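Take a look at the letters that make up each chain.
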Amino acid sequence: IQFAWIAGVIVSFLLVPGMIVEPLRRLACAAVAGFLFLGIDEYTQVHEQLSGLLIPYAWIPRLKQDIGAWIPAYAVLAAILLFLFRRAILMAARLYPQPSKLFLAGLALLFLGSVGCEIIAFEALAQNSSDPSYPYVVVVEEFLEMSGASLMLYAVLAFGASQAPVAARKATRISAMPMLHA
């Protein structure tokens, strides 16, 4: 649900005239789509279903028990998206350094939890739920994922707080413009 919150906040910023500068609007729309997908994936376990579909392809790296083939698939998708949006990402980092750093830190925590802990759980513990350390790995995974998502939400809200006065000034200028009648 945390991903839906982030997507919703970004959508609300997209609806405010002047809140997100034009070159970054496509990046914001892509972020909304990405967060909605991650939210759906978290609920429906799309990544696990994808791993099942990729079992016949032995060349795709995976963890023990044919689990985790989603990791390289998602990594390729992330690399493609980073390449496509590289200019907008760099522009956002230049224009909004503090929220960008917070967002990146949150993304790193989320990645460490979702991918790092999954690798530990499957490779080191072989998802042996009777192993006494397994519940701790699951708790750490969920903690890192929630902390990362919370930090990303905070970064998006910090961006909004920094932009609210700018958007208000732009909205005032727009509303002060005389209407043209045909």
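A short tour of the structure in this document, coming up. (Residues numbered from 1 in each chain as written. Predicted model: local features only at pLDDT ≥ 70, side-chain atom pairs only at ≥ 80, totals over all residues. Heavy atoms only, no water.)

### A word on the overall build of the chain
Reasoning step 1: Secondary structure summary: the chain contains seven helices and zero strands in total.
Reasoning step 2: The linear arrangement of helices and strands in the chain, starting from the amino end, is α-α-α-α-α-α-α.
Reasoning step 3: In the chain, of all internal contacts separated by at least 6 residues, the share reaching a separation of at least 24 is 68%.
Reasoning step 4: When the accessible surface of the chain is split by element, carbon and sulfur atoms take 74% of a total near 11300 Å². (Helix = DSSP H or I, 4+ residues; strand = E, 2+ residues; numbered from the N terminus. Contact = heavy atoms within 4.5 Å. Areas by Shrake-Rupley, 256 points an atom, 1.4 Å probe, with all protein chains shown as cover.)

### Here's the deal with the packing of aromatic side chains
Reasoning step 1: Following the criterion strictly, the structure yields six aromatic pairs and no others.
Reasoning step 2: Between Phe-3 and Phe-35, the ring centres sit 6.1 Å apart and the planes meet at 20°, which makes this aromatic pair stacked. Taken together, the positions of Phe-3 in helix 1 (residues 2-15) and Phe-35 in helix 2 (residues 22-44) put the pair 32 residues apart, joining distant regions of the chain.
Reasoning step 3: The exposure class of Phe-3 is buried, given its relative accessible area of 4%. (Phe/Tyr/Trp six-rings, centres within 6.5 Å; stacked < 30°, edge-to-face > 60°. Buried < 20%, exposed > 50% of the residue type's maximum accessible area, 1.4 Å probe, protein only.)

### Quick notes on the side chain of Gln-2
Reasoning step 1: Mapped onto the secondary structure, Gln-2 falls in helix 1.
Reasoning step 2: For Gln-2, the contacting residues outside a window of four places in its chain are Glu-145, Met-146 and Ala-149.

### Quick word on the packing of helix 1 against helix 2
Reasoning step 1: For the pair helix 1 and helix 2, the least separation of the axes is 8 Å and the interaxial angle reads 155°. When the axis of helix 1 is compared with that of helix 2, the two are roughly antiparallel. Helix 2 is crossed by helix 1, and the crossing has left-handed handedness. Residues Phe-3, Ile-6, Ala-7, Ile-10, Val-11 and Leu-14 of helix 1 lie in contact with helix 2, whose contacting residues are Arg-25, Ala-28, Cys-29, Ala-31, Val-32, Phe-35, Leu-36, Leu-38 and Gly-39. (Axes fitted to C-alpha atoms, helices over the stretch in contact; angles between N-to-C directions. Parallel < 35°, antiparallel > 145°, perpendicular 65-115°, else oblique. Left-handed = near helix turned anticlockwise from the far one by under 90°.)

### Quick look at helix 2
Reasoning step 1: Taking 1.5 Å per residue, 23 residues should reach 33 Å; helix 2 reaches 34 Å between its end C-alpha atoms and fits that length.
Reasoning step 2: Gln-45 lies just past helix 2 and shows a positive phi near 60°. (Expected span 1.5 Å × (residues − 1).)

### A look at the nonpolar core
Reasoning step 1: One finds Ile-10, Phe-13, Ile-20 and Phe-35 to be the most contacted residues of the largest nonpolar core, which totals 21 residues.
Reasoning step 2: With seven residues, the single largest contributor to this core is helix 1.
Reasoning step 3: Residues in contact with Phe-35, not counting those within four places in the same chain, are Phe-3, Ile-6, Ala-7, Ile-10, Phe-103 and Met-152. (Core = buried A, V, L, I, M, F, W, Y, C linked by side-chain atoms within 4.5 Å.)

### Comments concerning unusual backbone geometry
Residues apart from glycine generally show negative phi values, whereas peptide bonds are mostly found in trans.
Reasoning step 1: One non-glycine residue, Gln-45, lies in positive phi territory at about 60°.
Reasoning step 2: The partly exposed category is assigned to Gln-45, whose relative accessible area is 33%.

### A short note on helix 4 (residues 70-84)
Reasoning step 1: A rise of 1.5 Å per residue sets the reference length of helix 4, with its 15 residues, at 21 Å; its end C-alpha atoms lie 21 Å apart and thus fit the reference within 8%.
Reasoning step 2: Residues of helix 4 that are buried include every one of Trp-70, Ile-71 and Tyr-74, and no others. Buried residues along helix 4 cover an arc of 90° about the axis, so they all sit on one side. What points out from helix 4, more than 90 degrees from its buried face, is the exposed set Val-76, Phe-83 and Leu-84. (Arc of directions from axis to C-beta.)

### Observations regarding the side chain of Glu-141
Reasoning step 1: Mapped onto the elements of the fold, Glu-141 is located in helix 7 (residues 134-176).
Reasoning step 2: When near neighbours in sequence (up to four residues on either side) are disregarded, Glu-141 contacts Gly-113, Ser-114 and Cys-117.

### Thoughts on a nonpolar patch on the surface
Reasoning step 1: A cluster of nonpolar residues, Val-76, Leu-77, Ile-80, Leu-81, Phe-83 and Leu-84, forms a patch on the protein surface that exposes about 590 Å² of accessible area.
Reasoning step 2: Tracing the backbone through its elements, the reader meets Ile-80 in helix 4. (Patch = residues over 30% accessible without salt bridge, like charges linked within 9 Å, V, L, I, M, F, W, Y side chains within 5 Å. Salt bridge = Lys/Arg side-chain N within 4 Å of Asp/Glu carboxyl O.)

### Description of the environment of Ile-55
Reasoning step 1: Within the element layout of this structure, Ile-55 appears in the loop between helix 3 (46-53) and helix 4.
Reasoning step 2: You can call Ile-55 partly exposed: its relative accessible area is 39%.

Everything listed here is a matter of coordinates, which is why it stays silent on function.
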